[in-house]
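Fold and geometry: a report
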Amino acid sequence: MAPDIAALSGREFDYLVPPSMAGRIRVGSIVRAPFHGRRVKGWVVGLSRQPSTERRLLALARLSSDGPGPEIVELAWWAAWRWAGPANRFLGTASPPRAAFVDDGPRPRPLAAPGAARSPGDVVVVRVPPAGDAFALVAHAAAQGDTLVLAPSLAEAAIVAARLRNRGHAVAEVPRDWARAAAGGCSVVGARAGAWAPVPRLAAVVVVDEHDEVYQEERAPTWNARDVAVERARRAGVPCVLTSPCPSLDTLARARLEVPGRAEERAGWPVLEVVDRRQEAPGLGLYSERLVALVRGAGPGGRVLCVLNRKGRVVLLACGQCRELARCEACEGPLETAVAGLRCRRCGAGQPALCRWCGAGRLKAVRIGVSRAREELELLAGLDVAEVTADTAEGKLPDAPVLVGTEALLHRAAGAAAVAFLDFDQELMAPRYRAAERALALLARAGRVVGGRDGGDNRGRVLVQTRLAGHEALDAALHGDPGRLAVVEAARRAALSLPPETAVARLSGPGAPELAAVLSARLDLEVMGPSHDRWLVRAPDHRTLCDALAATPRPPARTRVEVDPLRA
């Protein structure tokens, strides 16, 4: 049994199966067992007629629920190695949300038994333009047998499931229908955690929008559902189809690419209008003349969405007299406006609205947030402007012709006449190596909201304000050809030894210096840092990196290890 105790991750303990549970215990079953005077939860990870110890064995106390099948248990051990985390974290994700018993008979076996020789599955990534529909690929896979389908969110998964049911397919939505999925005979649809859902007779795997960062868990271990799905398909020897309007370089490095016809793909991308702020007269602030004209033209049938990925009113201030940035006296973090005075965005400390350098009381907004942008746009346009962020209550969007919000707005709006990015340089110049990919993904998401450029008189447009009008991401969107960015970005990352050319992990926490010192002694690793109390470990490939992390004991102090960090 593998106990659900983080400190004992990777450890297994022998227990007796009492006669009352004989025939009901399977690999993956969730049980309760006595452990140092208390009962702990755990998973059965193996069955044997002979114990591995001569010590007297205690009996299992209770069978709590069916759990992940043998193939998922194996996959959890692989994921623990791949993302340097505890296996019980993955077993927990693969378990039902509440007690579930499929039946009293044996579980259906997967197509390929765990441990048996398997043929590698075919991994294909299909470029589907933003206005295109990937459902045809999902339906084709579901027609082959029980298919695992992943979507970026539960809402999108529910839409896919409903469309499959309308086609006559039996469908289980996880985690809600975990027991139905474990019984087999249906396709299984879910979001990130769905990568661990039971599909006993797996025939195919489909991941919709594989590029979406939501597939990656930001808490350590930083596992990626797309990578789990690909590995699962490989182990089962079944085909794996990944879809995306702009496939990630990580996927392009290991999957066969299929693209639609040039005319079809171009028509599926939106009309893109780039406003080069370098050509404008100074003093216009955040709003170009073209943007103001676009917003003023908004009406009941032509809603405009304005995207600014900064919450709050003012997120960067400077003194109007000495021009020093307003920084926190405690931690040197940036100060923002608050109800009373100023507040540090890093530590939350409050301070009076005065410059700490010269004492002046006039502070100038250098970079404003969504709330301030809404106020200013309302004055400029003379129209009602509403604010929408991830914190806005779920449900119907505000009834206003112009909406201002973070990128959450693009996920909540069903459609619009136009989408305007108020400060796209923030995305293009983000301090992480995936910034260009991320920027193109935002443009693709906007394209889904406004539609493709083949929409005739009803076609919408995406307006981008930038001082980097020649950037490769914008060029790719203008031509409806994400390959233009992929070629340039792949060469850049190869020259800089960045993923997917290499594999990286980030270390942080009180124990990070000790772990970094041990890893730096290895000749096959490069350890860089510290930078902001973090270390970056780089290896030629994931096998080298993950083997090194698995072989190195963790320090006693808390240490966070992020393999393939999103924000690096």
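Refer to the preceding data block for the structure.
Residues numbered from 1 in each chain as written. Predicted model: local features only at pLDDT ≥ 70, side-chain atom pairs only at ≥ 80, totals over all residues. Heavy atoms only, no water.

Another point: the packing of aromatic side chains. Two descriptors summarise a pair of aromatic rings, namely the distance from one centre to the other and the angle between the planes of the rings. Evaluated as defined, the whole model comprises 5 aromatic pairs. Aromatic pair W78 and W83: ring centres 5.5 Å apart, planes at 85°, arrangement edge-to-face. The class for W78 is buried, based on a relative accessible area of 16%. For the ring pair W196 and W223, a centre distance of 6.0 Å and an interplane angle of 75° mean the geometry is edge-to-face. Taken together, the residues W196 in the loop between β8 (187-190) and β9 (204-207) and W223 in the loop between β9 and α6 (225-236) connect sequence positions 27 residues apart. A residue is classified by how much of its surface remains accessible, and W196, at 1% relative accessible area, is buried. Grouping aromatic residues by their ring pairs yields a cluster made of F90, W196 and W223. Positioned over the ring face of W357 is R356, at 4.5 Å from the centre of the ring. (Phe/Tyr/Trp six-rings, centres within 6.5 Å; stacked < 30°, edge-to-face > 60°. Buried < 20%, exposed > 50% of the residue type's maximum accessible area, 1.4 Å probe, protein only. Helix = DSSP H or I, 4+ residues; strand = E, 2+ residues; numbered from the N terminus. Lys NZ or Arg CZ within 6 Å of the ring centre and 35° of its normal.)

Enumeration over the complete set of coordinates arrives at 43 salt bridges. Linking E280 and R277 is a salt bridge whose minimum nitrogen-to-oxygen distance equals 2.5 Å. What makes R277 buried here is its relative accessible area of 8%. Measuring nitrogen to oxygen at the nearest pair gives 2.9 Å for the salt bridge that ties R372 to E376. With R372 and E376 both in helix α10 (residues 370-381) and 4 residues apart, the pair spans about one turn of that helix. In this structure E376 comes out as partly exposed when scored by relative accessible area, which is 23%. A network of salt bridges, in which partner residues are shared, links R82, E210, R226, D227, R254 and D564. (Salt bridge = Lys/Arg side-chain N within 4 Å of Asp/Glu carboxyl O.)

This brings us to the environment of V171. Tracing the sequence through the fold places V171 in strand β7 (residues 171-173). Judged by its relative accessible area of 10%, V171 is buried. With 24 residues separating them along the chain, V171 and T147 place their C-alpha atoms 9.4 Å apart. Those residues within four positions of V171 in sequence are excluded, and the remaining contacts are A161, L164, R165, C186, S187 and V189. (Contact = heavy atoms within 4.5 Å.)

Right, let's talk about the sheet that holds strand β12 (residues 271-276) for a bit. In space, the 6 strands of this open sheet follow the order β12-β22-β21-β13-β20-β19, with parallel pairing throughout. In the strand order of this sheet, the two ends are held by β12 and β19 (385-388), each with one partner. Strand after strand, the sheet turns through a mean of 20° between neighbouring axes, direction not considered. Where strand β13 (residues 304-307) and strand β21 (residues 418-421) come together, 4 bridges link them in parallel fashion. Opposite C306, over in β21, you have A420 as the bridge partner. On the sheet, α10 packs against β13, β19 and β20 (402-405) and is oriented at approximately 170° with respect to β19. Across the sheet, helix α14 (residues 472-479) is in contact with β12 and β22 (461-466); its angle to β12 comes to roughly 145°. (Pairing = 2+ DSSP bridges. Axes fitted to C-alpha atoms, helices over the stretch in contact; angles between N-to-C directions.)

Our next topic: unusual backbone geometry. Cis geometry is found at the peptide bond from V174 to P175, where omega equals 15°. Inspection of the secondary structure assignment puts P175 in the loop between β7 and α5 (178-183). Unusually for a residue other than glycine, D209 sits at a positive phi of about 55°. Looking at where D209 falls in the secondary structure, it is placed in the loop between β9 and α6. In this structure, S497 takes a positive phi of about 55° despite not being glycine. Examined against the element boundaries, S497 turns out to sit in the loop between α15 (483-496) and β23 (503-508).

Let us look at the environment of P510. Counting through the fold element by element, P510 comes out in the loop between β23 and α16 (512-519). Aside from chain neighbours lying at most four places away, what touches P510 is A557 and R558.

Attention shifts here to α15. Here α15 is 14 residues long and its end C-alpha atoms lie 20 Å apart, about the 20 Å a rise of 1.5 Å per residue gives. Of the residues making up α15, those classed as buried are G483, L485, A486, E489 and R493. Each buried residue of α15 lies within a common arc of 140° when the element is viewed along its axis, so the set occupies one face. Exposed residues pointing more than 90 degrees away from the buried face of α15 are listed as V487 and A495. Immediately beyond the C-terminal end of α15, within one or two residues, lies S497, with a positive phi of roughly 55°. (Expected span 1.5 Å × (residues − 1). Arc of directions from axis to C-beta.)

Our focus in this paragraph is the side chain of E231. Among the secondary structure elements, E231 is positioned in helix α6. Classification of E231 as buried rests on a relative accessible area of 10%. Discounting chain neighbours no more than four positions away, the residues touching E231 are L75 and W78.

To continue, consider the sheet that holds strand β11 (residues 256-258). Sheets are built from strands paired through backbone hydrogen bonds, the pairs being either parallel or antiparallel. Spatially, the 7 strands line up as an open sheet ordered β7-β8-β6-β9-β10-β5-β11, and their pairing is parallel. Of all strands in the sheet, those with a lone pairing partner are β7 and β11, marking the two edges. Taking each pair of neighbouring strands and ignoring which way they run, the sheet shows an average axis angle of 20°. Pairing between strand β5 (residues 123-127) and β11: 3 bridges, direction parallel. Looking across to β11, one finds that V126 is bridged to E258. Along the sheet, helix α4 (residues 154-166) contacts β6 (147-150), β7 and β8; its crossing angle with β7, the most-contacted strand, is approximately 165°.

For β23, the buried fraction is high: 6 of the 6 residues fall into the buried class. What you see with β23 is no split at all: A503, A505 and L507 on one side and V504, R506 and S508 on the other are buried throughout. Bridge count between β23 and strand β25 (residues 534-539): 5 bridges; the pairing is antiparallel. Its bridge partner being in β25, R506 is matched across the sheet by L536.

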